[in-house]
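Below are the chains, spelled out letter by letter.
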Amino acid sequence: MNKKFLNLGIQPLANSFLKSNSKKTLAKEFFYNLEVSFDTDSYLVSVTNPVNPKLQYTDKYAHRASESITMRESFKKIADKLKKKYSPNTVMEIGSNDGVFIRNFPKNKILAVEPCKNLANLTKYKYKTFPNFWNKRLANQIFLKSKKADIIFSANTISHIPNLKETFDAIELSLSDNGVLVIEDPSIHAVIKNNSYDQFYDEHVYVFSAIAMANIVKKSNLRLFDAEQLTTHGGSMRYYICKDLAKHKITKKIKLIFKKEKKAKLNKLLTYLEFSKRVKKSKHKLVEIFKKLKNKNKNIISYGATYKSSTIFNYCKIGKKFINYVTDTTLNKQGKFTPGQHIPIISPQEGMNVRVDYAFLGAWNFKKEILKKEKEFIKRGGKFITHVPLPKIISK
Ligand code: TMP
C-alpha cells in the first residue's frame with residue numbers, strides 16, 4: 001500500500017529554465033505538488049503523482065551529463081569494465097543524453113535511445129540514435145532488425161520513467177539470453193543518511209533501494225544478481241540485472257547490500273516518517289543561516305543551477321531576496337532564470353568575483369571537484385554553504 005510521507009510543496013519542473021522573467025513567461029510556468037510515498041509491499045519510494053514525461057523531456061532539455069569531470073570519468077570506467085568483463089557485441093543505452101557513456105564504444109556496437117530531440121541530435125551522426133521514449137513498441141521496432149543486446153546500460157534514467165512494468169518488460173524482450181542490464185540511479189539509503197531531500201524532484205519519480213529494485217524486476221522475469229555503491233550524484237547504486245534463466249550467479253556483495261538496507265530499516269514506513277521530520281528541521285535551519293547572513297549584508301550566490309537546488313529553493317522559499325544569482329558552467333543555462341524562484345543564471349567566470357562572500361553549494365554532489373576548482377575564492381575568505389547532511393557554513 002502506498003503511504004505518503006513527505007510533502008515538498010508546490011514545485012516547478014526542476015530542469016525547465018526560463019528564457020525571460022517577463023510576466024508573460026512567468027504566467028505560463030508549470031507547477032505541481034511534490035509529494036513522496038512509500039509502498040509497504042514493494043518498499044519502493046516514489047513521487048505520488050508523477051508529471052507527464054512529455055512536459056519534461058522536450059527538445060529544450062538542459063542537463064548535459066558530460067559537464068562534470070567526475071561523471072565523464074565514472075562513465076569511462078564502467079564502459080571499460082563492461083567491455084572487459086562481458087565482451088559485448090551490442091550495447092544499448094537508454095537515456096544516452098549527450099553521449100557521455102557511448103563515446104567509449106565503437107559506433108557499430110551502439111544503439112542509443114534518447115527522447116530529448118536536442119540531445120539525440122548530438123549523437124545521431126556517429127551513433128544509431130532513436131529519438132523516442134523507451135517502451136515495448138520501441139523495443140520491438142529496434143530488435144526486429146538488430147541482434148539482442150548483450151549489455152543494456154541506463155544511468156539516471158530508469159528512475160525517471162513512471163511506468164516501471166512496461167520499462168522492464170521492454171528490457172526483458174531486448175536482452176540476449178545471458179545479457180546484462182546495468183542501471184545507475186541515486187540510492188534512497190544515501191538520501192536517508194545525508195538528509196538529501198533534494199534528490200526528490202519531478203524527474204526522480206523513483207528513488208530506489210536494492211530491496212525495492214529486486215522486487216520490481218521480478219515482475220518482468222528479471223533478477224538482480226549484483227550491485228555496487230557509487231559516490232556519484234551524492235550516493236548512487238549500480239545494479240546488475242539479468243533474465244531469470246541467465247547464467248549469472250547472485251553475488252556476496254548484493255547479499256551484503258540487502259542486509260545493510262534491512263538494518264537501516266529501508267523496508268519500514270517509520271524510517272521515512274522520521275526522515276520527513278528531519279527534512280522540516282533542515283529547512284528551518286537553512287533559512288536561518290540565509291537570514292543571518294543577509295542581516296549582515298553579505299553577498300550570497302548559488303553554485304550550480306541544479307535540479308537539486310530547485311527543490312530546495314522552492315521548498316524553503318529561498319529566492320532573489322537571499323541569492324543574487326546562480327552560476328553554472330552549462331552554456332544553455334546561462335542567461336536564463338531558475339524555475340520557480342526566477343534567480344538569474346550567469347557563468348562562473350562572471351559570477352565568482354571578489355564581491356561574493358558566500359556560495360550555496362547547489363551542486364553539493366560535486367563538492368570535491370568544486371572546492372578544488374575554487375581555491376582562490378576560499379583563499380580570499382569566500383565560504384560555501386551546504387545543507388547536507390546538516391545545513392552549515394563550510395569552514396575550510
Ligand atoms: P547535476 O548535479 O544534475 O549533474 O548538475 C550539476 C550542474 O552543476 C550542471 O548544470 C553543471 C553545474 N556545475 C557547475 O556549474 N560547476 C561545476 O564545477 C560542476 C561540477 C557542475
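What counts and what doesn't
Residues numbered from 1 in each chain as written. Predicted model: local features only at pLDDT ≥ 70, side-chain atom pairs only at ≥ 80, totals over all residues. Heavy atoms only, no water. Domains from an automatic or database assignment. Contact = heavy atoms within 4.5 Å. Buried area = accessible area lost by both parts, 1.4 Å probe. Salt bridge = Lys/Arg side-chain N within 4 Å of Asp/Glu carboxyl O. Polar contact = N/O pair within 3.5 Å; in protein donor to acceptor, adjacent residues only side chain to side chain. Helix = DSSP H or I, 4+ residues; strand = E, 2+ residues; numbered from the N terminus. Nonpolar A, V, L, I, M, F, W, Y, C, P; charged D, E, K, R; others polar. Patch = residues over 30% accessible without salt bridge, like charges linked within 9 Å, V, L, I, M, F, W, Y side chains within 5 Å. Areas by Shrake-Rupley, 256 points an atom, 1.4 Å probe, with all protein chains shown as cover. Lys, Arg positive; Asp, Glu negative; His and termini not counted. Charge placed at Lys NZ, Arg CZ, Asp CG, Glu CD. Core = buried A, V, L, I, M, F, W, Y, C linked by side-chain atoms within 4.5 Å. Buried < 20%, exposed > 50% of the residue type's maximum accessible area, 1.4 Å probe, protein only. Phe/Tyr/Trp six-rings, centres within 6.5 Å; stacked < 30°, edge-to-face > 60°. Lys NZ or Arg CZ within 6 Å of the ring centre and 35° of its normal. Axes fitted to C-alpha atoms, helices over the stretch in contact; angles between N-to-C directions. Parallel < 35°, antiparallel > 145°, perpendicular 65-115°, else oblique. Near = heavy atom within 4 Å. Pairing = 2+ DSSP bridges.

### Thoughts on the domain arrangement of the chain
Next, step 1: Looking at the chain, the domain boundaries give domain 1 (2-36 + 270-394) and domain 2 (44-266).
Next, step 2: Relative to domain 2, the C-alpha centre of domain 1 lies at a distance of 27 Å.
Next, step 3: In this assembly, 38 residues from domain 1 lie in contact with 36 residues from domain 2.
Next, step 4: Note on domain 1 versus domain 2: buried area summed over both sides is about 3400 Å², and carbon and sulfur give 59% of it.
Next, step 5: On the domain 1 side of the interface with domain 2, the three residues burying the most area are N15, Y272 and Y307, jointly 18% of the side's total.
Next, step 6: Inspection of the region where domain 1 meets domain 2 yields zero salt bridges.
Next, step 7: Applying the counting rule to domain 1 against domain 2 returns 16 residue pairs in polar contact (both at pLDDT 80 or more).
Next, step 8: Of all elements in the fold, only β1 (2-12), β2 (31-39), α10 (269-295) and α11 (307-316) reach the threshold of two or more residues within the side of domain 1 that touches domain 2.
Next, step 9: When the residues that make up the side of domain 1 that touches domain 2 are grouped by side-chain class, the tally is 22 nonpolar, ten polar and six charged.

### Section: a positive patch on the surface
Next, step 1: Taken together, the side chains of K277, R278, K280 and K281 define a basic patch exposed on the protein surface.
Next, step 2: Along the chain, K281 falls in helix α10.

### Some details on the nonpolar core
Next, step 1: One finds M92, W134, F168, I171, F200 and Y239 to be the most contacted residues of the largest nonpolar core, which totals 84 residues.
Next, step 2: Considering every element that reaches this core, the biggest residue donor is α10, with eight residues.
Next, step 3: Three or more residues apiece are contributed to this core by two domains, here domain 1 (2-36 + 270-394) and domain 2 (44-266).
Next, step 4: Once you skip the residues sitting within four places of it in the chain, F200 turns out to touch L6, L8, L34, V36, V45, I188, V191, V207, F275 and T311.
Next, step 5: One finds F153, F225, A246 and W364 within the second-largest nonpolar core, a separate group that totals 39 residues.

### Quick look at the packing of aromatic side chains
The relation between two aromatic rings is expressed through the spacing of the ring centres and the mutual angle of the planes.
Next, step 1: Evaluated as defined, the whole model comprises 19 aromatic pairs.
Next, step 2: Here the aromatic rings of F5 and Y272 are separated by 5.2 Å at their centres, their planes lie at 50°, and the arrangement is tilted. Taken together, the positions of F5 in strand β1 and Y272 in helix α10 put the pair 267 residues apart, joining distant regions of the chain.
Next, step 3: Since its relative accessible area comes to 0%, Y272 is described here as buried.
Next, step 4: Look at Y303 and F384: their rings are 5.9 Å apart centre to centre, the planes differ by 80°, and that puts the pair in the edge-to-face class. One end of the pair, Y303, is in strand β12 (residues 300-303); the other, F384, is in strand β16 (residues 383-386), with 81 residues separating them in the sequence.
Next, step 5: Given a relative accessible area of 7%, Y303 falls into the buried group.
Next, step 6: Among the aromatic residues, ring-to-ring pairing joins F5, F38, Y43, Y272 and F275 into one connected group.
Next, step 7: Sitting over the face of the ring of Y307, K308 holds its NZ or CZ atom 4.2 Å from the ring centroid.

### Description of the packing of α10 against α11
Next, step 1: Interaxial distance between α10 and α11 falls to 10 Å at its minimum, and their mutual angle equals 80°. Between α10 and α11, the angle falls in the class roughly perpendicular. Taken together, the residues of α11 that come into contact with α10 (itself represented by V279, K280, K283, L286 and V287) are I312, Y315 and C316.
Next, step 2: By residue class, the composition of the contact of α10 with α11 is six nonpolar, no polar and two charged.

### Digging into the environment of S302
Next, step 1: With respect to the helices, strands and loops of the structure, S302 is situated in strand β12.
Next, step 2: Look at S302 and you get buried, because its relative accessible area is 0%.
Next, step 3: In this structure the C-alpha to C-alpha distance between S302 and V356, which are 54 residues apart in sequence, comes to 10 Å.
Next, step 4: With sequence-adjacent residues up to four places away left out, S302 is seen in contact with F313, I323, Y325, V326, T327, F360 and G362.
Next, step 5: In this structure the side chain of S302 is engaged in a polar contact, spanning 3.4 Å, whose partner is the backbone oxygen of F360.

### Description of the site of the ligand
Next, step 1: Close to the ligand lie 17 residues, the nearest being K308, D328, T329, K333 and K373.
Next, step 2: A distance of 2.8 Å is found between an oxygen atom of the ligand and a side-chain nitrogen or oxygen belonging to K308.
Next, step 3: With respect to the ligand, the side chain of N365 contributes an N or O atom lying 3.3 Å from an oxygen atom.
Next, step 4: When isolated, the ligand has an accessible area of 480 Å², and the protein chains bury 97% of it.
Next, step 5: Ranked by residues supplied to the shell around the ligand, first place goes to helix α13 (residues 367-373) with three residues.

### Overview of unusual backbone geometry
Working note: non-glycine residues mostly have negative phi, and peptide bonds are mostly trans.
Next, step 1: Note the cis peptide between V388 and P389, where omega equals -10°.
Next, step 2: Assignment of secondary structure puts P389 in the loop between β16 and β17 (392-394).
Next, step 3: One non-glycine residue, Y43, lies in the positive phi region at around 70°.
Next, step 4: Accessibility expressed as a relative area gives 23% for Y43, which makes it partly exposed.
Next, step 5: For H233, which is not glycine, the phi dihedral falls at a positive 50°.
Next, step 6: Of note, H233 is situated in the loop between β10 (222-230) and β11 (236-243).
Next, step 7: Take H233: its relative accessible area is 9%, and that puts it in the buried class.

### Things to note about the sheet that holds strand β4 (residues 91-94)
The strands making up a sheet associate through hydrogen bonds between their backbones, and the pairing can be parallel or antiparallel.
Next, step 1: On the basis of which strands lie adjacent, the open sheet formed by seven strands has the order β6-β5-β4-β7-β8-β11-β10 and mixed pairing. A single partner strand is all that each edge strand has here, and the edge strands are β6 (128-130) and β10. Sheet twist, expressed as the mean angle between neighbouring strand axes with direction ignored, is 20°.
Next, step 2: By the bridge criterion, three bridges tie strand β5 (residues 110-113) to β6 in an arrangement that is parallel.

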